[in-house]
Amino acid sequence: MKHVEPTIVAYCCHYCAYTAADMAGSMRLSYPSGINIVRIPCTGKVDPIYVMRALQDGADGVLVAGCLEGDCHFKNGNIKAMKRIAYLKKMLGEIGIDPSRVDMVLMSAGMGTQFARIVTEFADKIRELGPCSLKRAAASEPVPSACA
Ligand code: FES
């Protein structure tokens, strides 16, 4: 059976997960090559439409990684993000997409080892699910106006 590496978008808060990813790199920890890290100022900036667009544009899974509770540099961006992601997961289930393709985790900047483990486990889960059916068939397919 052909081994297909899933494409994963990881929205990582600058203050925690992004630094943890950096630390994982410094520690020479490996994690799957399909993890595409997008640095964001705070998970509170992750609009659910970004997640949907990522899935439409080729991601098989999306992980949002923010600061620990009480550590968000913008007060409660991580709490808002958790609520949004929980709502989005519910919506995904309603349209027939496995909600576990999207997840949110909280971590601190010093959790390099945990970052590598978390993204590896997430990639393993997404690999088992296979390609996401939200993916547009071809790059030439027009973007629906509601998503433009
Ligand atoms: Fe990290 Fe808000 S600053 S989640």
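Before going into details, it helps to say that this report is about the structure given with it. (Residues numbered from 1 in each chain as written. Predicted model: local features only at pLDDT ≥ 70, side-chain atom pairs only at ≥ 80, totals over all residues. Heavy atoms only, no water.)

This next bit is on unusual backbone geometry. One non-glycine residue, Arg28, lies in positive phi territory at about 60°. On the basis of relative accessible area, Arg28 is assigned to the exposed category, the value being 74%. (Buried < 20%, exposed > 50% of the residue type's maximum accessible area, 1.4 Å probe, protein only.)

Let's shift gears to the sheet that holds strand β4 (residues 102–107). Sheet strands pair via backbone hydrogen bonds, and the direction of the pair is either parallel or antiparallel. On the basis of which strands lie adjacent, the open sheet formed by four strands has the order β2-β1-β3-β4 and parallel pairing. The open sheet terminates on both sides in strands that have one partner only, identified here as β2 (35–40) and β4. Sheet twist, expressed as the average angle between the axes of neighbouring strands with direction ignored, equals 20°. Looking at chain direction, strand β1 (residues 8–13) and strand β3 (residues 61–67) are connected through five bridges and run parallel. For Tyr11, the partnering residue across the bridge sits in β3 and is Val64. Contacts between helix α1 (residues 17–26) and the sheet are confined to β1, β2, β3 and β4, with β1 contributing the most and set at about 110° to the helix. (Pairing = 2+ DSSP bridges. Helix = DSSP H or I, 4+ residues; strand = E, 2+ residues; numbered from the N terminus. Axes fitted to C-alpha atoms, helices over the stretch in contact; angles between N-to-C directions. Contact = heavy atoms within 4.5 Å.)

Before going further, it helps to spend a moment on the packing of α1 against helix α4 (residues 112–129). Between two packed helices, both the angle of their axes relative to each other and the distance between the axes serve to describe the pair. At their nearest, the axes of α1 and α4 sit 7 Å apart, and the two run at 95° to each other. One element, α1, and the other, α4, form an angle in the roughly perpendicular class. Here α1 contributes Ala17, Ala20, Ala21, Met23 and Ala24 to the contact with α4, which in turn contributes Gly112, Phe115 and Ala116. (Parallel < 35°, antiparallel > 145°, perpendicular 65-115°, else oblique.)

So, about helix α2 (residues 48–56). Listing the buried residues of α2 in full gives Val51, Met52, Ala54, Leu55 and Gln56. Next to the buried residues of α2 lie β1, β3, α3 (77–94) and β4. In this structure Asp47 caps α2, since a side-chain oxygen of it lies 2.9 Å from the backbone nitrogen of Ile49. Positive phi shows up at Gly58, right after α2, with a value of about 130°. (Polar contact = N/O pair within 3.5 Å; in protein donor to acceptor, adjacent residues only side chain to side chain.)

Ala17, Ala20, Ala21 and Ala24 are the residues of α1 that are buried. Buried residues of α1 fall within an arc of 100° about the axis and therefore sit on the same side. Residues Asp22 and Ser26 are exposed on α1 and point more than 90 degrees away from its buried face. Contacts made by the buried residues of α1 are with β1, β2, β3, β4 and α4. Downstream of α1 by a residue or two, Arg28 has a phi angle that is positive, lying close to 60°. (Arc of directions from axis to C-beta.)

Moving on: the environment of Cys12. Counting through the fold element by element, Cys12 comes out in strand β1. Overall, Cys12 belongs to the buried group, its relative accessible area being 1%. Taking the C-alpha atoms as reference points, Cys12 and Val46, separated by 34 residues in sequence, lie 9.8 Å from one another.

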